[in-house]
Amino acid sequence: LGLGNFFNLPYLMATYSGGTILVLYALAKVTIALPLFIAEVWMARHSRAIASVAFSSLSKKHGLSWIWRWFGRLFWFSAFGLLAYYAVVATWGVIYAWQYSHVSAFELEQVWFQFEAMNRDVPSLLLTQTILLAVIGSIMLLGISRAMQSVAIVFVAALLVLIILMFIIMTLNTQYMDSLPGFFLVDFSNIDQPLIFGIWQHAFLSTGIGIGGVYAFSMFAPKTVSIVKSSIIVVGIDYIFGVIVALLIWYFVFNIPIEYSNGIEMFFQSTLIGAIGSKSAHLLLPLLFMVFVISTSLALMFSMLPVAIAIRSHFHLNYRISVLISLLLVWMIVVYVYFRIVWFIIT
C-alpha cells in the first residue's frame, strides 16, 4: 500500500468524479501494475536475490549485456532516496500523533498552520528521526527474513484493524454517508490526457515503488507458489486497499472548502482539518490517520531496506555492518534536508 494512495488517488477523485477514477485505475492495474508485478516476482524467484543482485545474476546467467548489472545497482540510489522520504513522513506522523494526543480541542486555523510550525522545529524532527531509525535498525539486525516476516504479520494486521476502525467511525458521520453516492459517480465526459497519464503513473508507482518488498518476499517464496495467481491476488488487494483509503480521505479533500495541491502535505492538512472540522469522534479519527501513516511508512521502509543492504554483496561487507552503514546514510540524507530547512528559515 503506497503513500500515493493517501494523497494522489483522493486528489484525483476530488478533481474528477470518483467512479471514473476507480474504473480507469482498475484498467491501469491490469495493463501496467500486474505485468510489472509478475516480472518482479519472476526475477526474484529465479535469482533468489534482492533487486540489485537479481539483475546482475540473471544477466550473467543468460549472457546479457553488462549494462543490466549496473542498471540493477541503480536500485541502491533509489532505495536510499525513498528510505529518507519514508523516514521523514513517518516522523511527521509520530510528531502529529503526539501533539494531538495532548490537546482537547483545536481551531481550524491552528491545524492549518501546524504543519509549517512542525517542519520548523528541526531538533524535534531530528530526535524523532534518530529514534525511529534506531528501532528499525535493531529489528533489521535480527536478519532480513525474520524482519520481513515480523513486518508482514504485525504491520498488515495493524493496517487492517486501523482501516476497519476508521471506516466504522466514518459510517457514524451522517454528512459522510450522505456524500457517499458522489464517490461512485461515473462521468467519462471530462477524461483528458493528463488524467490518463496521472492514473497510469499512479498504478505504476503504487506497484513499482514497492519493488524492494516484492523482491524481499518473493526470494523466500516456495517454488510451488503460483507466480501468476499470487500476483493477481496481491495486485487486487492493493487496488482494494487503495480504494478504501481513498474512500476514507476523499470526503475531507472534497468537502472542505480549501484549495489543496497534490502532495503528502495535502494529506496531513486536509485529513486533520476535515476530521476536526466535521467533529468526527473528536480527536480519535485524526490520531488513527496518523497511526495509519506511521505504520505504512515503516512498512515501506522495511521493504526498501533489503535493497539498500544488498550493497554488501558488492563491497563484501558483513550483514550487520551493511545495516548500520545503510541507516547511517539515510540519517545523513535526512540531516541534510533538515539543514536546508534551517538555512531557509535563517535566510
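Quick notes on the rules
Residues numbered from 1 in each chain as written. Predicted model: local features only at pLDDT ≥ 70, side-chain atom pairs only at ≥ 80, totals over all residues. Heavy atoms only, no water. Helix = DSSP H or I, 4+ residues; strand = E, 2+ residues; numbered from the N terminus. Buried < 20%, exposed > 50% of the residue type's maximum accessible area, 1.4 Å probe, protein only. Contact = heavy atoms within 4.5 Å. Expected span 1.5 Å × (residues − 1). Bend = angle between axes of the 7 residues up to and from the residue. Phe/Tyr/Trp six-rings, centres within 6.5 Å; stacked < 30°, edge-to-face > 60°. Core = buried A, V, L, I, M, F, W, Y, C linked by side-chain atoms within 4.5 Å. Axes fitted to C-alpha atoms, helices over the stretch in contact; angles between N-to-C directions. Parallel < 35°, antiparallel > 145°, perpendicular 65-115°, else oblique. Left-handed = near helix turned anticlockwise from the far one by under 90°. Nonpolar A, V, L, I, M, F, W, Y, C, P; charged D, E, K, R; others polar. Salt bridge = Lys/Arg side-chain N within 4 Å of Asp/Glu carboxyl O. Arc of directions from axis to C-beta.

Peer 1: How would you sum up the environment of Arg-45? Please name residues and give values.
Peer 2: Residue position: Arg-45 is located in helix H2 (residues 18-47). Judged by its relative accessible area of 9%, Arg-45 is buried. Once residues within four sequence positions are removed from consideration, Arg-45 is found in contact with Ser-218, Ala-221, Pro-222, Lys-223, Val-225 and Ile-227.

Peer 1: With reference to specific residues and values, describe H2.
Peer 2: Residues separated by three or four positions in an α-helix point in the same direction, a consequence of the helix having 3.6 residues per turn. Here H2 contains 30 residues, and its C-alpha end-to-end distance of 41 Å stays within 8% of the 44 Å for a straight helix at 1.5 Å per residue. For H2, the principal kink sits at Lys-29 and spans about 40 degrees. Arg-48 sits one or two residues past H2 and shows a positive phi near 50 degrees.

Peer 1: Tell me about the packing of aromatic side chains, and please be specific about residues and values.
Peer 2: The full count for this structure, using the stated rule, is three aromatic pairs. Aromatic pair Tyr-85 and Tyr-86: ring centres 5.7 Å apart, planes at 55 degrees, arrangement tilted.

Peer 1: Residues and numbers for the environment of Val-293, please.
Peer 2: Assignment of secondary structure puts Val-293 in helix H13 (residues 284-309). Sequence separation between Val-293 and Trp-92 is 201 residues, and the spatial gap between their C-alpha atoms is 9.0 Å.

Peer 1: Which residues make up the nonpolar core, and what values go with them?
Peer 2: Formed by 83 residues in total, the largest nonpolar core has its most connected members in Ile-21, Met-140, Ile-199, Leu-298 and Met-301. Leaving out residues up to four positions away in the same chain, Ile-199 has contacts with Leu-12, Ile-21, Leu-24, Tyr-25 and Ala-28. Among the nonpolar cores identified, the runner-up in size contains seven residues, and Phe-37, Val-41, Val-214 and Val-235 belong to it.

Peer 1: I'd love a proper account of the packing of H2 against helix H3 (residues 51-61), names of residues and values included.
Peer 2: Two numbers describe how H2 lies on H3: the axes approach to 9 Å, and their chain directions differ by 70 degrees. What the angle tells us is that H2 and H3 run roughly perpendicular. In this structure, H2 meets H3 at a crossing whose hand is left-handed. Residue-level contacts link Trp-42, Met-43, His-46 and Ser-47 of H2 to Ala-54, Phe-55, Ser-57 and Leu-58 of H3. When the residues that make up the contact of H2 with H3 are grouped by side-chain class, the tally is five nonpolar, three polar and no charged.

Peer 1: Lay out the pattern of salt bridges in plain terms, naming residues and giving numbers.
Peer 2: The full count for this structure, using the stated rule, is one salt bridge. Between Asp-238 and Lys-29 there is a salt bridge, and its shortest N-O distance comes to 2.2 Å. Of this pair, Asp-238 sits in helix H11 (residues 227-255) while Lys-29 sits in helix H2, and the two are 209 residues apart along the sequence. Each member of the pair Asp-238 and Lys-29 is classed as buried.

Peer 1: How would you sum up helix H8 (residues 174-183)? Please name residues and give values.
Peer 2: Those residues of H8 not exposed but buried are Tyr-176, Ser-179, Leu-180 and Phe-183. The arc that holds the buried residues of H8, viewed along the axis, is 140 degrees, so those residues lie on one side. Exposed and oriented more than 90 degrees from the buried face of H8 are Thr-174, Asp-178 and Pro-181.

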